[in-house]
2 protein chains.
Amino acid sequence: MRLGTIGALLGWLLIFLSVALLLPIAFSIYYDDGNWRFFVISSAIGFLLGGTLAWSCVSEPEMGHREGFAIVAFGWLAAAALGALPYYLSGAIPSYLNACFESMSGFTTTGATILGEVEALGPSLLFWRALTHWLGGMGIIVLSLAIMPILGIGGMQLFQAEMAGPTKDRLVPRIQDTARILWSVYFILTAVETGLLMMAGMGFFDAICHAFSTLSTGGFSTRTESIAAFHNPWIDSIITVFIIIAGINFSLHYRLLSGNLRAFARSEELRFYLGIGIFATILVMFANILFGTYESWSDSLRYGAFQVWSILTGTGFSTADFDSWAPVCKITLVTLMFMGGMAGSTTGGIKQVRILMFWKFTRMQIKKLIHPKAVEAIKLDNRKVPAEVIQSILGYLSLYMLVFVVATMIVTGQGTDIITGSTAVIATLNNIGPGLGGVGPCQNFAGLPDLSKAVLIICMVAGRLELYTIAVLFLPKYWKDVHYPKWRWSRS
Amino acid sequence: MRLGTIGALLGWLLIFLSVALLLPIAFSIYYDDGNWRFFVISSAIGFLLGGTLAWSCVSEPEMGHREGFAIVAFGWLAAAALGALPYYLSGAIPSYLNACFESMSGFTTTGATILGEVEALGPSLLFWRALTHWLGGMGIIVLSLAIMPILGIGGMQLFQAEMAGPTKDRLVPRIQDTARILWSVYFILTAVETGLLMMAGMGFFDAICHAFSTLSTGGFSTRTESIAAFHNPWIDSIITVFIIIAGINFSLHYRLLSGNLRAFARSEELRFYLGIGIFATILVMFANILFGTYESWSDSLRYGAFQVWSILTGTGFSTADFDSWAPVCKITLVTLMFMGGMAGSTTGGIKQVRILMFWKFTRMQIKKLIHPKAVEAIKLDNRKVPAEVIQSILGYLSLYMLVFVVATMIVTGQGTDIITGSTAVIATLNNIGPGLGGVGPCQNFAGLPDLSKAVLIICMVAGRLELYTIAVLFLPKYWKDVHYPKWRWSRS
């Protein structure tokens, strides 16, 4: 493990974020909310810390798996710690732990909040909240399509051939190429959604904040009531469509934009994702009519579809208080929470491709009972999936259950009731946002004890980084052979 | 698929049960509860149906996997349908569906009840309830140690070498040998527990009924308040010990009885099982003190240990209303519900050996991230576990989750709240007995809608038969090449 490389890259990340921290200043000045100074201070702190790290740590030329894990894990933690400063310094969130919760919820595109009334933050802080989503989303797209496949995490090797075929020595340039392509798609989609939302009646500020939150499947809104505050079916529809788009693998979007329709049409994962969402929408729509939640079919469809896709992709926007829906709707939503969108999107959760492989694997095991000697390969998009990829996916799911159970035990261990405690873990581990009960769509996470909040912060980052990235840090083996950095000032 | 073989064996099963139906008559006459006639009628119906089947269907000499699945699955269904007759005919349970629920709960050793006040049944019906547990337990021991390993279900191949090494042509005699050995252990343990319970102050009737329910990890009691009704710490302790014993693989008990201490000491699964139980006991004990459920440490240990082991093994006896315990205790108990005891015992749930393999597999996957090329075999008791066994176990767990989610959706789909609905499914799928909320230890399953009860009956039998046995029946492939029976009367 080469700590020098890790330090240098983390330093550059902090420098990048300190630049991003300057953007909300424009809104602060325009709306005259007086918070610009806190962004200046935060940015300066980030720049100083990052600059010191980047300058003093000498990056070594070779970079292996182990450095990758550390950079990803500590990168998200450092971003959250720095991103919490504006909330904390401005006094908008007086507890630094709460500020870190909000900041981590932003960078991991979770969207869970500890704020009772978000409007009180003022425009510049609201913009920063949305921006952390958008930047986090950027990170995740590159992470899931360029970095994780190389690190071999949880079946993501499936995508190794998708965008780029990096060889070890060309790792960094390849990742940069991939990132440029994907971010251009991300940028275009954000611009289009902002424009459409403005046409539907939103102001520029609300429109760009919500576009940031939608494309990153984050879920922070500029209103306490979330999208319900706008009472506008056009806005509901536009956001629903963009939520669905945001849940699709960004490399597929890129191919579509470059005219490759076939890849889009051929993707089994896409069909599975759309199928699950449509099935759940119909189910929730019927249940909402049957149990009398809504009187008209159109309302039931409007609110049902919005909530199903918002939850499935882990966006977490709400247009209704789904905690008051019928139990079957709530169970459906909780099940969707675990699923997430497609791999290579900004969504959280297990991801559709893993669930699809899991299902294929199970079906094969049942078939084997009749013909024990029949060996059938598992295929995806008509290509054979290597056995080690399937094993990686199966291991991923078991790790998921383990983390879920342990985290739920800690949270309920502090006296939180079962529904609130377990859905708080589900909502953070899968980067959804709201849960049920005490953390339902009309509630927030402020009431939970501090230790629970800390556990949920870890859940957010662990879920975001596909668990393995964090789990590997707990192996004693991982910490062997640490190369301490060559400090620049001590170089001969 | 040879329907003749299936029909003949099911016929013999019904004949066997019709004999068992005569046993409660002794208690009916002794206590003069007037129910003896209903047992005579039920027995006669069973004998006629069974006799007709056994006589008319010609068993074919060869028997394969597919016949095995059908016999096991339909065997349990037929037993439940026949076993429901005494409840129904006597009018004690006026709805036949409810009677089937109670009967299936008995034969699957679940212990979930639809009765508000069990004492109202009278001694002979209470004895029949306990006897269905005991007979079901007998069936399960043989199933899990002699039949399922041959059918290759869910990793049970691990035990193929344990007791017997059956070759195809010697299948039936081998199973009979194995069964004889295991049942002798079962019988001895039942006799010892009955004796000890009588020494602790129970009457013979209560003692034998509770011994039946303990050794089969069933959970039906002769009292509505379950074991709490006796207010006797000795009885609590004896039952706790026998619950722990009942959760151990019966082939280990046999080896211990035949002087082979080493097998007992060497079993990794046994250590894991005891470790989980002890850890959970300590956790619940501390939580009960911390949250003020009990004032003294001794009470907290007494009720905590009893409930932890009762739930872990799926017995489902209660000495306390654990639905009113702190949330963390309830989450712990729900987690234990999924686990179950050791494979080869009468417990329900996933089984300790599968959880242990699952954990080893996950740990290996995380290690692989650091050394992607290191190939490490998974071992159990110092023997390598074949890859296909691990795959079978992983497939099992995914099927488990799928059945759990679908069943919970159907149950909550009828308006039952989330906690009641999900724990009703957990409690039946894992053959526990009571759940939480509306199906908590001081409640019963009578209030659920009929469709929910039917789904839960399927959960009980599916969980009991390790899911695969039932799942395989849903494959179209399974129903190919059906050999219709050669009827005896149409033979040339």
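Within every chain, residues take consecutive numbers counted from 1 along the sequence as written. Each chain takes a letter, starting from A, and each ligand takes a number, starting from 1, following the order in which they are written. At least 70 in pLDDT is required for a residue's local features to be given in this predicted model, at least 80 for side-chain atom pairs to be given and counted, and no such filter applies to totals for whole chains, interfaces and linings, which use all residues. Hydrogens and waters are ignored; side-chain quantities use all the structure's heavy atoms.

This part covers the overall build of chain A. Strands are runs of DSSP state E lasting at least 2 residues, helices are runs of H or I lasting at least 4, and numbering of each runs from the N terminus. A count of helices and strands for chain A gives 20 helices and two strands. Atoms considered for the radius of gyration are the C-alpha atoms alone. The globule rule reads 2.2 Å times the number of residues to the power 0.38. For 492 residues, the compact-globule estimate of 2.2 N^0.38 gives 23 Å, and chain A sits close to it at 22 Å. For chain A, the C-alpha atoms occupy an extent of roughly 75 × 70 × 50 Å along the three principal directions. Type-normalised accessible area, obtained with a 1.4 Å probe on protein chains alone, sets the label of each residue: buried when under 20%, exposed when over 50%, and partly exposed for intermediate values. In chain A, which comprises 492 residues, the proportion classed as buried is 62%. Restricting the contact set of chain A to residue pairs at least 6 apart, pairs at least 24 apart contribute 73%. Using a 1.4 Å probe, accessible areas were evaluated by the Shrake-Rupley method; residue-level cover was limited to the displayed protein chains. Counting every atom, chain A has about 18500 Å² of accessible surface; 66% of that belongs to carbon and sulfur. Averaged over its 32 positive side-chain charges, chain A has a centre that lies 14 Å from the centre of its 28 negative ones. Throughout, a contact is declared for two residues whenever any of their heavy atoms are within 4.5 Å. Positive charges are assigned to Lys and Arg, negative charges to Asp and Glu, while His and the chain termini are left out of the count. Each charge is placed at NZ for Lys, CZ for Arg, CG for Asp and CD for Glu.

All right, on to the relation of the copies chain A and chain B then. What sets the superposition is a least-squares fit of C-alpha atoms, and only residues with pLDDT of at least 70 in both copies go into it. Taken as rigid bodies, chain A and chain B are interconverted by a rotation of 180 degrees and an axial shift of 0.0 Å, the fit giving an RMSD of 0.0 Å. What we have between these two chains is a two-fold relation. In terms of proximity to the rotation axis, the leading residue of chain A is A:Leu394, whose C-alpha is 3.5 Å off the axis. When the interface residues of chain A are mapped onto chain B, 100% of them again fall at the interface, so both copies present the same face.

What follows is about the interface of chain A and chain B. With 52 residues of chain A at the interface, the matching set in chain B holds 52 residues. Buried surface at the junction of chain A and chain B, both sides included, amounts to about 4300 Å², of which 81% is carbon and sulfur. Joining two parts hides part of their accessible area as seen by a 1.4 Å probe, and the buried area is that hidden amount summed over both. Looking at the side of chain A facing chain B, the largest losses of area belong to A:Leu369, A:Ile370 and A:Ile418, adding up to 16% of the total buried there. N or O atoms closer than or at 3.5 Å make up a polar contact, with two conditions inside protein: a donor-capable atom paired with an acceptor-capable one, and, for residues adjacent in sequence, both atoms drawn from side chains. Counting every contact that joins chain A to chain B gives three residue pairs in polar contact (both at pLDDT 80 or more). Breaking the side of chain A that touches chain B down by element, the ones donating at least two residues are helix 4 (65–83), helix 15 (327–339), helix 16 (352–370), helix 17 (387–412), helix 18 (418–429) and helix 20 (468–471) of chain A.

What follows is about the packing of aromatic side chains. Between the rings of Phe, Tyr and Trp (Trp by its six-membered ring), a pair exists once the centres lie within 6.5 Å; its type follows the angle of the planes, with under 30 degrees stacked, over 60 edge-to-face, and the other angles tilted. Tallying each qualifying case throughout the model produces 48 aromatic pairs over all chains. Taking the centre distance of 6.5 Å and the plane angle of 65 degrees together, the rings of A:Phe338 and A:Tyr400 count as edge-to-face. You can see A:Phe338 sitting in helix 15 and its partner A:Tyr400 sitting in helix 17, a full 62 residues away along the chain. When the centroid spacing of 5.8 Å and the interplanar angle of 50 degrees are considered together, the rings of B:Phe127 and B:Phe212 count as tilted. One end of the pair, B:Phe127, is in helix 7 (residues 123–151); the other, B:Phe212, is in helix 9 (residues 204–215), with 85 residues separating them in the sequence. For B:Phe127, a relative accessible area of 5% corresponds to the buried category. Among the aromatic side chains, those forming a connected cluster through ring pairs are A:Phe27, A:Tyr30, A:Tyr31, A:Phe127, A:Trp134, A:Tyr186, A:Phe187, A:Phe204, A:Phe205, A:Phe212 and A:Phe250. The criterion for a charge sitting over a ring is simple: Lys NZ or Arg CZ within 6 Å of the ring centre, and within 35 degrees of the ring normal. Over the face of the ring belonging to B:Tyr396 we find B:Arg354, whose NZ or CZ atom lies 3.6 Å from the ring centre.

Glancing now at the side chain of A:Glu193. Residue and element names in this part refer to chain A. Relative to the helices and strands, Glu-193 is located in helix 8 (residues 171–199). Only one rule defines a salt bridge in this text: a Lys or Arg side-chain nitrogen within 4 Å of an Asp or Glu carboxyl oxygen. One buried charged side chain, Glu-193, makes no salt bridge at all; its nearest oppositely charged neighbour is Arg-223, positioned 14 Å away. When residues no more than four places from it in sequence are discounted, the contact partners of Glu-193 are His-210, Ala-211, Thr-214, Leu-215, Ile-238, Ile-239 and Phe-242.

Here we take up helix 2 (residues 24–31) of chain B. Residues and elements named next belong to chain B. Those residues of helix 2 lying buried are Pro-24, Ile-25, Phe-27 and Ser-28. What you see down the axis of helix 2 is that its buried residues fit within an arc of 160 degrees, all on one side. Along helix 2, exposed side chains directed more than 90 degrees from the buried face belong to Ala-26, Ile-29 and Tyr-30. The first or second residue beyond helix 2 is Asp-32, which carries a positive phi of 50 degrees. The arc in question is the one traced by the directions running from the helix axis out to the C-beta atoms.

Attention shifts here to the pattern of salt bridges. Tallied over the entire structure, the rule returns 18 salt bridges over all chains. Where salt bridges share partners, they join A:Lys351, A:Arg354 and A:Glu466 into one cluster.

Let us now look at unusual backbone geometry. Residues and elements named next belong to chain B. The backbone phi angle of Thr-109 is positive, close to 55 degrees, even though this residue is not glycine. Locating Thr-109 in the fold gives a position in the loop between helix 6 (96–107) and helix 7. Residue class for Thr-109 comes out buried when judged on its relative accessible area of 0%. Of note, Ser-226 is a non-glycine position whose phi angle comes to about 60 degrees, a positive value. Relative to the elements of secondary structure, Ser-226 occurs in the loop between helix 9 and helix 10 (233–246).

Residue and element names in this part refer to chain B. Only the stretch in contact is used when fitting a helix axis, every axis being a line fitted to C-alpha atoms; angles between N-to-C directions are given from 0 to 180 degrees. Look at helix 17 (residues 387–412) against helix 18 (residues 418–429): their axes get within 9 Å of each other, and the N-to-C directions meet at 135 degrees. Between helix 17 and helix 18, the crossing angle belongs to the class labelled oblique. Considering how the two elements wind past one another, helix 17 and helix 18 form a crossing that is right-handed. Contacts from Tyr-400, Val-403, Phe-404, Ala-407, Thr-408, Val-411 and Thr-412 of helix 17 reach helix 18 at Ile-418, Gly-421, Ser-422, Val-425, Ile-426 and Leu-429. Of the residues contributing to the contact of helix 17 with helix 18, the split by class is nine nonpolar, four polar and no charged. An angle below 35 degrees is treated as roughly parallel, one above 145 as roughly antiparallel, one from 65 to 115 as roughly perpendicular, and anything else as oblique. Each crossing gets its handedness from the near helix: less than a right angle anticlockwise from the far helix is left-handed, clockwise is right-handed. Note that Gly is not counted as nonpolar here; it falls among the polar residues with everything else outside the nonpolar set of Ala, Val, Leu, Ile, Met, Phe, Trp, Tyr, Cys and Pro and the charged set of Asp, Glu, Lys and Arg.

All names here are of chain A. Where helix 13 (residues 268–290) contacts helix 16, the axes come no closer than 9 Å and their chain directions differ by 95 degrees. One way to sum up the angle between helix 13 and helix 16 is to call them roughly perpendicular. Across the interface between the two elements, Glu-268, Glu-269, Phe-272, Tyr-273 and Ile-276 of helix 13 pack against Gln-352, Val-353, Ile-355, Leu-356 and Lys-360 of helix 16. Grouping the constituent residues of the contact of helix 13 with helix 16 by class yields six nonpolar, one polar and three charged.

Before going further, it helps to examine the environment of B:Ile15. Residue and element names in this part refer to chain B. Structurally, Ile-15 is set in helix 1 (residues 3–20). Linking Ile-15 and Gly-50, residues 35 residues apart in sequence, is a C-alpha distance of 5.2 Å. Not counting the four nearest positions on each side in its chain, Ile-15 is found in contact with Phe-47, Gly-50, Gly-51 and Ala-54.

Turning to a nonpolar patch on the surface, a few remarks are in order. All names here are of chain A. Residues Ile-41, Ile-45, Leu-49, Tyr-88, Leu-89 and Tyr-96 make up a contiguous nonpolar surface patch of roughly 490 Å² in combined accessible area. Put simply, the parts of the chain that give the nonpolar patch at least two residues each are helix 3 (36–56) and helix 5 (85–89). Top element by residues in the nonpolar patch is helix 3. It accounts for three residues. Relative to the elements of secondary structure, Ile-45 occurs in helix 3. The residues that make up patches have over 30% relative accessible area and no salt bridge, and they are joined within 9 Å when like-charged or within 5 Å when they are Val, Leu, Ile, Met, Phe, Trp or Tyr.

For B:Gly116, the location among the structural elements is in the loop between helix 6 and helix 7. Apart from residues no more than four positions distant in its own chain, B:Gly116 is found in contact with B:Thr224 and B:Asn444.

Looking now at helix 15 (residues 327–339) of chain B. Residues and elements named next belong to chain B. Take the number of residues in a helix, subtract one, and multiply by 1.5 Å to get its expected span. Between its first and last C-alpha atoms helix 15 spans 19 Å; for 13 residues at 1.5 Å apiece the expected length is 18 Å, and the two agree. Burial analysis of helix 15 places 13 of its 13 residues in the buried class, which makes it a mostly covered element. A positive phi of about 75 degrees marks Gly-340, the residue just after helix 15.

Turning next to the environment of B:Phe272. Residues and elements named next belong to chain B. Among the secondary structure elements, Phe-272 is positioned in helix 13 (residues 268–290). Through-space distance from the C-alpha of Phe-272 to that of Gly-395 is 22 Å; in sequence the pair is 123 residues apart. Apart from the residues lying within four places of it in its own chain, the contact partners of Phe-272 are Gln-352, Ile-355 and Leu-356.

On to the confidence of the model for chain A, then. All names here are of chain A. Per-residue confidence from the prediction method is given by pLDDT, with values spanning 0 to 100. Across chain A, pLDDT averages 90, with 96% of residues at or above 70. Segment residues 163–170 is flagged for pLDDT under 50; beyond a separation of four residues in sequence, or across chains, it makes 14 contacts in the model. For this predicted complex, the interface confidence score (ipTM) comes to 0.86, while the overall pTM stands at 0.89.

Moving on: the side chain of B:Thr132. Counting through the fold element by element, B:Thr132 comes out in helix 7. Not counting the four nearest positions on each side in its chain, B:Thr132 is found in contact with B:Gly106 and B:Phe107.

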